[in-house]
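# Structural description and commentary
Listed here are the chains, written in short residue letters.
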Amino acid sequence: MRRKAAGYFVIAAFLTTACLAQVAFAGSDGETPAKAPSHVEKTFLIPSSDGYGVGDCLTTPGSECGQVVANAWCEAQGYATANTFGIAAADEYTGAIAQPIATPTERPIRITCRD
């Protein structure tokens, strides 16, 4: 009899834990799934002369090939899509690069990815 009661206790404890976990992950009404966190963005700086020959696509504003390349870069990094891309502003990389940049064409390329 004691084994049977212990078995019922274990089952009741498991069901209680499962119900509490469901409530914790659900919305306030217990039925609606919890909302996912807002979009996560991350900005990557890559050298303009990376050797792949895609710098021209990424530095031309509004180019279709730039969007394709930026999306592929973001997907390779584990993000869904590219939000923005282009030449990085000086305040985005100051201090991160040891050598001074002589011309604007040598400035790094910025790709901002999001989930």
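All of the points below concern the structure found in this document. (Residues numbered from 1 in each chain as written. Predicted model: local features only at pLDDT ≥ 70, side-chain atom pairs only at ≥ 80, totals over all residues. Heavy atoms only, no water.)

Once that is clear, we can look at the overall build of the chain. Looking only at helices and strands, one finds four helices and three strands in the chain. For the chain, the α and β elements follow one another from N to C terminus as α-β-α-α-β-α-β. Considering the chain as a whole, with its 115 residues, one finds that 23% of them fall into the buried category. By sequence separation, contacts in the chain at least 24 residues apart represent 63% of the contacts at least 6 residues apart. Carbon together with sulfur atoms contributes 60% to the accessible area of the chain, which is approximately 8600 Å² in total. (Helix = DSSP H or I, 4+ residues; strand = E, 2+ residues; numbered from the N terminus. Buried < 20%, exposed > 50% of the residue type's maximum accessible area, 1.4 Å probe, protein only. Contact = heavy atoms within 4.5 Å. Areas by Shrake-Rupley, 256 points an atom, 1.4 Å probe, with all protein chains shown as cover.)

Looking now at the packing of aromatic side chains. In the structure shown here, the tally under the stated rule is two aromatic pairs. Where Phe 44 meets Trp 73, the ring centres are 6.2 Å apart and the plane angle is 75°; that geometry is what we call edge-to-face. Taken as a pair, Phe 44 in strand β1 (residues 41–46) and Trp 73 in helix α3 (residues 64–76) lie far apart in primary sequence, 29 residues in all. A residue is classified by how much of its surface remains accessible, and Phe 44, at 14% relative accessible area, is buried. Aromatic side chains Phe 44 and Tyr 79 sit 6.1 Å apart centroid to centroid with 75° between the ring planes, which places their arrangement in the edge-to-face category. Placement of the pair is Phe 44 in strand β1 and Tyr 79 in the loop between α3 and β2 (81–87), with a sequence separation of 35 residues. When its relative accessible area of 18% is taken as the criterion, Tyr 79 is described as buried. Taken together through their ring pairs, the aromatic side chains of Phe 44, Trp 73 and Tyr 79 make up a single cluster. (Phe/Tyr/Trp six-rings, centres within 6.5 Å; stacked < 30°, edge-to-face > 60°.)

With that settled, the discussion passes to the nonpolar core. Grouped together as the largest cluster of nonpolar side chains are twelve residues: Phe 44, Ile 46, Val 54, Leu 58, Ala 70, Cys 74, Tyr 79, Ala 82, Phe 85, Ile 109, Ile 111 and Cys 113. Looking at this core, the elements that each hand over two or more residues are β1, α3, β2 and β3 (109–114). The greatest single-element share of this core, amounting to three residues, is contributed by β3. Excluding its chain neighbours within four sequence positions, the residues that come into contact with Ile 46 are Leu 58, Trp 73, Pro 108, Ile 109 and Ile 111. (Core = buried A, V, L, I, M, F, W, Y, C linked by side-chain atoms within 4.5 Å.)

Right, let's get into the sheet that holds β3. A sheet is described by the order of its strands in space; here three strands give the open sequence β1-β3-β2, paired in antiparallel fashion. At either margin of the open sheet sits one strand with a lone partner, and together these are β1 and β2. Strand-to-strand, the axes of this sheet are offset by a mean angle of 20°, without reference to chain direction. As paired elements, β2 and β3 share six bridges and run antiparallel to each other. By the bridge assignment for β3, Ala 82 is matched with Cys 113. Against the sheet, α3 touches β1, β2 and β3, its axis set at about 120° to β2. (Pairing = 2+ DSSP bridges. Axes fitted to C-alpha atoms, helices over the stretch in contact; angles between N-to-C directions.)

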